[in-house]
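Structure assessment
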Amino acid sequence: MEKILLLAFTETDGTLGKPGLEVLSAALKIREGLAGAELVVGLVGAKVGPAAGQIVGCSPSRILGVEGEHFSQSRYGTDAAAAEAICKAAEATIILAAGTARANRVLSGVAHRLQGNADTHVCGVDVADGALKVTRWYYRQRMQAVLQRSSRPWVIICDPSSFAPWTGSSRDDAFEAVAVPVPDSMRTTVTGTQAPASGAQTIRPDTEVLFVAGAGWTKSQADGKVKVNEAEPLILGFLDLTKASLGGSKSMVDLAGEGQQVLSFMTHLNQIGQTGATPRHPKGLATCCHGEEPHAVGWRFINERRAINKDPNCGWAQGKADVLYVEDAFAVMARVNELLKESK
Amino acid sequence: MSGGYHIVVCGGIVPDPLQTLEPAVGPTGPALRNEMMLPAVLDPWAGHALFEAANLAKSQPGSKVWWVSMGPKAKLQQLMMSMGQKVPFELVALDGSASGFTESAEVAAALAEAISSIPDLDQSRLLLIGGWESASRGAGSTLQIVGERLGIVDQFQGVDEVSVQEDGSLKLLERVEGGKHQISVCTAPPIVVGWATGKLPEPPNNPQIGMMNMRTVMPALQRAKAVQVGTGSLNFVSVRLPEQRRSTRIVKDATVEEIAQEIVEWIKD
Amino acid sequence: MNPVTEIERQSFDVDIVCVGFGPAAGGFLTTLSRELLNEDGTPRYESKVMPGMPLQISCYERADDIAFGVSGVATRARGIRESLPEFNHNDISMAAPIKHEKVLYLLDPIGASRRPASLKVADRLLGLLKWLPFYERDAFELPYIPPFLRKDGGYVLSIGQFLQWVGSNLMGSGTVTIWPGTPVASPLIEDDVVRGVRLIDQGVEKDGTPTAGFMPGMDVRAALTVVSDGPVGAVGRQLDEHFGLPEGNHQSEWAVGAKMVVDLREDVKLEPGTIFHSMGYPEPEIFGFMYAHSEQTVSVGIFVPSWFNNPARTSYRYLQHFMMHPYFWKYLEGGKLRSWGAKSLQESGKRGEPFLVGDGYARVGEGSGSTNVLSGSGVDEAWTTGRILAESVMEMLDQGESFTRENLEKRYVQRRRASWVEQEGRVAEKSRDGFQKSFVKGLMGMALSGFSNGRINISGNSHSGRQELPSAEAYYQGKIPAEEVRKIREDCKSRGTPSHDPLMDRAGWPQIPLDGQLLVSQQDALLMGGKVQAAPGYADHVVFLHPEFCESCGDKVCVDICSGQAIEADPDSGVRFDREKCVHCGACFWNCDQIVDDSGRTNIEFRAGAGGLHSAEN
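Per chain, residue numbering runs from 1 following the sequence as it is written. As a convention, the first chain written is A and the first ligand written is 1, with the rest following in written order. Given that the model is predicted, a residue must reach a pLDDT of at least 70 before its local features are reported, and side-chain atom pairs must reach 80 or more before they are shown or counted; all residues, however, enter totals for whole chains, interfaces and linings. Only hydrogens and water are set aside when side-chain values are computed; all heavy atoms of the structure are taken into account.

For the rest of this paragraph, the subject is the pairing of strand S12 (residues 245-248) of chain A. Strand residues, when the strand is regular, have side chains that alternate between the two faces of the sheet. Residue and element names in this part refer to chain A. Residue alternation in S12 divides its side chains into two sets, Ser-245 and Gly-247 and Leu-246 and Gly-248, and both sets are buried. Here a strand pair is declared whenever DSSP counts at least two bridges between the two strands. Numbering of helices and strands starts at the N terminus; helices are DSSP runs of H or I of at least 4 residues and strands are runs of E of at least 2. Both strand S11 (residues 209-213) and S12 contribute to a ladder of four bridges, which runs parallel. Residue pairing for S12: Val-212 is matched across the bridge by Gly-247. Think of it in three bands: residues with accessible area under 20% of the maximum for their type are buried, residues over 50% are exposed, and the middle band is partly exposed, with areas taken using a 1.4 Å probe on protein chains only.

Structure below.
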């Protein structure tokens, strides 16, 4: 009989964030599918009470918590100790967690401490014939595998946005505190965070639209001229009006070293595709992109995809986008921005 | 720090990202079609880790870089021909699978054992560095487990910057949600660092570095220990290429105005 | 002064430096490496530059991997097998012993090719013979293959996989080092003595301006420089410019070879080791091939020669039409493009031979005129010249001789003159001259030269100068009105696109039905099959010497022939080059018809450059 543990790190206010609620949906699906399985929730953070109340409606058999100042920091030493203690206290055989930066940092190591195994970047779970299967990608989103594990404990770390967040009733509720031995001297201290420079454009997972800028923006246009100076305000204008995420291909962030004109605001943090991110957004608009696999993996997880490109045979769009507009992106985006401004 | 760091870089090989990849059934589980024919490159993030390690070693006198790499010996040898000219290192080679389908815990066990066997490695000066994920398994697990096996509990993932502060402590910038970096300070080694991209460009090819490295690379390859790593407790139910074909509506003859309106409506929908 | 330009150029010494890792270097290094150790494992020769150490031998290869070569290879492999007695094709992916050989004459099932009247008559006559067993799907199989064309006992190879295997063995021997991703900019010539080579600058902008990461290309000094950088290699051609060619020799005949590696659909039965050679289609001047490797995979390709006088010549689209010829389409339909590439071939062969040696250097391989233009064979010949040089070098090391021109003449050149490469090269020397007059005379000339062992040849117009191309209007005369040709060309020029597509469309070639699998646009071929990449930090290697010539150039053959569509017409500067698309085939410089000096040099300089194809299967 499986004992499922939902392991989550709470937000600064003690609540459970969206990624945690998403994985709770997955945990409930597994509990439902595996006969006799029970669900335990384990929470780690500066405080965990609000989160405990938030999820009590899913009827966990236990809610375990580790809280305190030490656990306010997203830090390997304390997080791993807390996660290990909760997993042991829960006697969990299947441990589910959201793949936040904090969880991803520690949970494979924790799996080792538990003499178990971890699978990260899981994007689907399924139970069939009494057996749990998970789905994850290999080779930078080039192929998808369905996996089972014969050993326990099995730590399953799910990519954010893979499941619909759980919604259910909440009420104040208590949790069982789990004691965690904290070393006398912690060598690592988290001193804060550093936000991108003001106005910098990055991939923001919470936005509706991903705007993908392809190398075409920096190439010679129909009249033989390079028009980066015109491209930049068009792209920034669109991002400003829509609050979209900005992604770009590797060549867009690499070309600077070659003395080629580049979009000044593109950095490696914007890189999507083979060696960059594969963000998840409901919509994606690709402009001036060209390429086949592996270049197009950058928008593998974009639900609705549209592209503007002058080549109707473009490999980025053909068979991969829902709509391909064969037109000059400079002209279209200029008009799109005008219309967006008018409608504000 | 006085005496410099002992920097161990874990970096494996992956198929050249430009290649067409297809899954196939191998004798021990999933594999890539024509896997041995695919040109191999250093895993991109491990590459950043190696270059950053070399840069750090250069700025901290007395430091030394070991590069621990597991892959089929012939492929490792080929990789050394291109990477050997980039930065100085001493190779520790393991002759084993470079497949992404192997169990990261098994790979980690082999790497940890190889690192433990490096003569004169001083754990109190150890910076264990690698890519935060690979371009093959893409799990971000291996380095953590190597760290655990070596008893290192100061671990950082998605790192874009490591700097040595005046008091000898290490300041690290890790990628976190929202395009931000978390700043941490660790008083001293040993630490584990999973690199993201950092800021350094790929170093130029330097034939002199190549000739120098080759004196240790070839003997290291010759004595590379054969390592068996498998899929452990993993059972691959299926491995397949994603269904990619969408029926693309191609809008060829619309005006800019019509296209712009359609896009704006779609965005606002 | 910009501080980055003050960075000192470094220099270091080796005993032997080898430029380019292809079949010739493979033959040289393999033969040499086997003799560098005594039986007890101690070095047989001591390094002069590093006393106490074994001989220091370095080979620098331009491409990013030693397996990124391009060639369609069906080879007799005589020299290769002699050098490698343990050669087993099972050790090399995609290698297969040649089992069946077919030579085909292809009819034009579309009626779009430009066939001379004599050929049209011949086609009509052949049309009456369709009942013969030699006829199948618009192709006649030659019932008899002349011995000089046969590849009995040979192998189908992927040059990439073969070189990877050779290179791995070499590196594994620990006696030589091979460095891919390291283009050699130039030879170091001092008082007519070659003292080594200079590697290309790194950390520069496209125009060569140093950036913050500037690293001047190092000088690698060596007692012997082995030049094995192929037909368009920068070092070989600079030596030719410096020393000239031997009296009477010239390198005016070229071809661009384009090929695809294709995975056949599952139900196609084609025995590994089956090879096809063809002529007659898509244009009479274009020869083709298809070689079956192991495992349901073929190489299929064409050669577009310099004597095909269409100024809007292209290899990519013609290759697609060739593949769609009914004879080959039966096999290829439903297949999948795995890899794609192109290279220049030095088709002057023996007649294009440069000075094989000089003080401090020796030439091997295709750039040394070893290609046999009659048998259409180059890999084994190149390998063998490398092997001959290695044997000569060992003799010289044993005798303590220095690498002077005189000593290299005595040891290497004499040995090469006595070799089968030389003897067969002489037979082939004039065999293709007939093609300068017509396709039919060309074929007759090949047969005569081949059967007479080179004693009887059809004379042609082979000359040292570059062949003049007619205007596109003249080429398409009778097919497209001159005014329309002009309009199409001007339209393309203003859009920066090559003109071959609209011209071929208008001349009756059907559009290629792109399927996203095998028939893909040329741009997609760069990404799917060519996998072209260019790392930043290197200067452009295609340089237009006098931009004003390009501005006024009407034909812009470079734009049409460019295998990667890396050269585009530019309304302002005439043409522009995009390094990210270049496959380094080198076709641009010999197709340029803007001659800049009396030596016949064209306005395009093809320098050493980094990047290019990332495919190990070609």
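Another aspect to go through is the sheet that holds strand S3 (residues 72-75) of chain C. All names here are of chain C. Judged by pairing direction, the sheet is antiparallel, and its three strands sit side by side in the order S3-S8-S4 without closing on themselves. This sheet does not close on itself; its edge strands, each paired only once, are S3 and strand S4 (96-97). Of the strand pairs in this sheet, S3 and strand S8 (residues 155-158) are connected by four bridges, and their pairing is antiparallel. If you follow Gly-72 over to S8, its bridge partner there is Ser-158. Where helix H4 (residues 159-173) meets the sheet, its contacts fall on S3 and S8, and the angle it forms with S8 comes to roughly 80 degrees. Any pair of residues with heavy atoms lying within 4.5 Å of one another is described as a contacting pair. Angular values range over 0 to 180 degrees, each being the angle between N-to-C directions of two axes fitted as lines to C-alpha atoms, with helices fitted over their stretch in contact.

Next up on the list: the packing of aromatic side chains. Two aromatic rings, drawn from Phe, Tyr or Trp (for Trp, its six-membered ring), form a pair once their centres lie within 6.5 Å of each other, and the interplanar angle then sorts them: stacked below 30 degrees, edge-to-face above 60, tilted otherwise. Considering all chains together, one arrives at 32 aromatic pairs over all chains under this definition. Measuring from centroid to centroid gives 4.8 Å for Trp217(A) and Phe330(A), while their planes differ by 55 degrees, and the two rings are tilted. Pair noted here: Trp217(A) is in the loop between S11 and helix H5 (228-242) and Phe330(A) is in helix H7 (residues 329-342), with a separation of 113 residues, a long-range link. Taken individually, Trp217(A) and Phe330(A) each receive the classification buried, so the pair is uniform in this respect. Judged by centre distance (5.7 Å) and plane angle (45 degrees), the ring pair of Phe276(C) and Tyr331(C) falls under tilted. With Phe276(C) in strand S16 (residues 274-279) and Tyr331(C) in helix H7 (residues 326-332), this residue pair connects regions lying 55 residues apart in the sequence. With relative accessibility at 9%, the residue Tyr331(C) sits in the buried group. Taken together, Tyr281(C), Phe308(C), Tyr318(C), Tyr475(C), Tyr476(C) and Trp509(C) form an aromatic cluster joined through their ring pairs. Taking NZ or CZ as reference, Arg136(A) lies 4.7 Å from the ring centre of Tyr138(A), over its face. Over a ring means this: the NZ of a Lys or the CZ of an Arg is within 6 Å of the ring centre and within 35 degrees of the ring normal.

On to the domain arrangement of chain C, then. All names here are of chain C. Domain start and stop positions are those given by an automatic or database domain assignment. What the domain assignment lists for chain C is domain 1 (12-84 + 160-247 + 352-427), domain 2 (90-157 + 251-349) and domain 3 (472-606). Relative placement of domain 2 and domain 3: their C-alpha centres are 24 Å apart. Counting from both sides, the interface comprises 41 residues of domain 2 and, opposite them, 44 residues of domain 3. At the boundary of domain 2 with domain 3, total buried surface from both sides reaches about 3500 Å², with 64% on carbon and sulfur atoms. By definition here, a salt bridge exists when the distance from a side-chain nitrogen of Lys or Arg to a carboxyl oxygen of Asp or Glu is within 4 Å. Remark: the boundary between domain 2 and domain 3 carries two salt bridges. Asp-505 is the partner of Arg-317 in a salt bridge, and the nearest nitrogen-oxygen pair spans 2.8 Å. In protein, a polar contact means a hydrogen-donor-capable atom and an acceptor-capable atom, both N or O and within 3.5 Å, with residues adjacent in sequence counting only if both atoms are side-chain atoms; elsewhere, any N or O pair within 3.5 Å suffices. The interface formed by domain 2 and domain 3 holds 16 residue pairs in polar contact (both at pLDDT 80 or more) in total. Within the residue set of the side of domain 2 that touches domain 3, elements represented by two or more residues are strand S15 (254-263), helix H6 (316-323), H7 and strand S19 (336-346). Looking at which element gives the most residues to the side of domain 2 that touches domain 3, the answer is S19, with eight residues. When two parts are brought into contact, each loses some accessible area as probed by a 1.4 Å sphere; the total of that loss over both is the buried area.

Moving on, we get to the interface of chain A and chain B. On the chain B side, the residues contacting the 85 residues of chain A number 89 residues. For the pair chain A and chain B, the two sides together bury roughly 7500 Å², of which 54% comes from carbon and sulfur. For the interface between chain A and chain B, the tally reads six salt bridges. Between Glu148(B) and Arg113(A) there is a salt bridge, with the nearest N and O atoms lying 2.8 Å from each other.

So, on to the interface of chain C and chain B. The interface is formed by 44 residues belonging to chain C together with 29 residues belonging to chain B. Here chain C meets chain B over a buried area of about 2800 Å², counting both sides, of which 55% is carbon and sulfur. The three residues of chain C that bury the most area against chain B are Met171(C), Trp179(C) and Lys531(C), which together make up 20% of that side's buried surface. Measuring nitrogen to oxygen at the nearest pair gives 3.4 Å for the salt bridge that ties Lys336(C) to Glu22(B). Along the contact surface separating chain C from chain B lie 11 residue pairs in polar contact (both at pLDDT 80 or more).

For the rest of this paragraph, the subject is the sheet that holds strand S7 (residues 143-149) of chain A. Spatial ordering of the open sheet is given by S9(A)-S3(A)-S2(A)-S1(A)-S4(A)-S8(A)-S5(A)-S6(A)-S7(A)-S14(B), a layout of 10 strands whose pairing is mixed. Strand pairing shows two members of the sheet lacking a second neighbour, strand S9 (176-177) of chain A together with strand S14 (234-240) of chain B, which therefore form its edges. Of the strand pairs in this sheet, strand S2 (residues 38-45) of chain A and strand S3 (residues 62-67) of chain A are connected by six bridges, and their pairing is parallel. Each bridged residue has a counterpart across the sheet, and for Gly45(A) the counterpart in S3(A) is Glu67(A).

So, about the side chain of Ser47(C). All names here are of chain C. Looking at the secondary structure, you find Ser-47 in the loop between helix H1 (23-33) and strand S2 (57-60). Here the side chain of Ser-47 touches Val-49 through a polar contact of 3.1 Å, landing on its backbone nitrogen. In terms of polar contacts, Ser-47 uses its side chain to reach the backbone amide nitrogen of Met-50, at 2.9 Å.

A few words on the side chain of Asp229(C). All names here are of chain C. By secondary structure assignment, the location of Asp-229 is in the loop between strand S14 (219-227) and helix H5 (234-243). Charge counting follows a simple rule: Lys and Arg are positive, Asp and Glu are negative, and His as well as the terminal groups are ignored. In this structure Asp-229 is buried but unpaired, with Arg-363 as the nearest side chain of opposite charge at 5.6 Å. One polar contact links the side chain of Asp-229 to the main-chain amide nitrogen of Val-235, over a distance of 2.9 Å. In this view, Asp-229 contacts Val-19, Gly-20, Ala-234, Val-235 and Gly-236; residues no more than four positions away in its chain are not counted.

Across the junction of Pro189(B) and Pro190(B), the peptide omega takes the value 5 degrees, indicating a cis bond. Along the chain, the position of Pro190(B) falls in the loop between strand S11 (180-186) and strand S12 (191-195). Residue Gln115(A) is not a glycine yet carries a positive backbone phi of 60 degrees. Looking at the secondary structure, you find Gln115(A) in the loop between helix H4 (101-113) and strand S5 (117-128). Using a relative accessible area of 73% as the deciding quantity, one classes Gln115(A) as exposed. Positive phi, normally seen in glycine, also occurs at Asp191(C), with a value near 50 degrees. Looking at where Asp191(C) falls in the secondary structure, it is placed in the loop between strand S10 (184-190) and strand S11 (193-199). When its relative accessible area of 76% is taken as the criterion, Asp191(C) is described as exposed.

A few words now on the confidence of the model for chain C. Summarising the model, chain C shows a mean pLDDT of 91, and 98% of its residues fall at 70 or more. Interface scoring of the predicted complex returns ipTM 0.93; its pTM is 0.90. Confidence scores per residue from the predictor, reported as pLDDT, run from 0 to 100.

Residues and elements named next belong to chain C. Burial analysis of strand S17 (residues 287-292) places six of its six residues in the buried class, the great majority of the element. Side-chain alternation along S17 places Phe-287, Phe-289 and Tyr-291 on one buried face and Gly-288, Met-290 and Ala-292 on a second face that is also buried. The pairing of S16 with S17 spans four bridges and is classified as antiparallel. Its bridge partner lying in S17, His-277 is registered against Phe-289. Across six bridges, the pairing between S17 and strand S18 (residues 297-305) is antiparallel. Bridge assignment links Met-290 to a residue of S18, and that residue is Val-300.

Turning to the pattern of salt bridges, a few remarks are in order. All told, the structure shown has 75 salt bridges over all chains when counted by the stated rule. Across the salt bridge formed by Asp154(B) and Arg187(A), the nearest N and O atoms sit 2.8 Å from each other. Taken as a pair, Asp154(B) in the loop between helix H4 (142-149) and strand S9 (155-164) and Arg187(A) in the loop between S9 and strand S10 (188-194) lie in two separate chains rather than in one. Relative accessible area serves as the criterion here: at 6%, Asp154(B) is assigned to the buried category. Of the residues examined, Arg187(A) reaches a relative accessible area of 25% and is grouped as partly exposed. Note that Lys243(A) is salt-bridged to Asp240(A), the shortest N-O span being 3.2 Å. One network of salt bridges, with partners in common, ties together Glu82(C), Arg387(C), Glu391(C), Glu395(C), Glu401(C), Lys410(C), Arg411(C) and Arg415(C).

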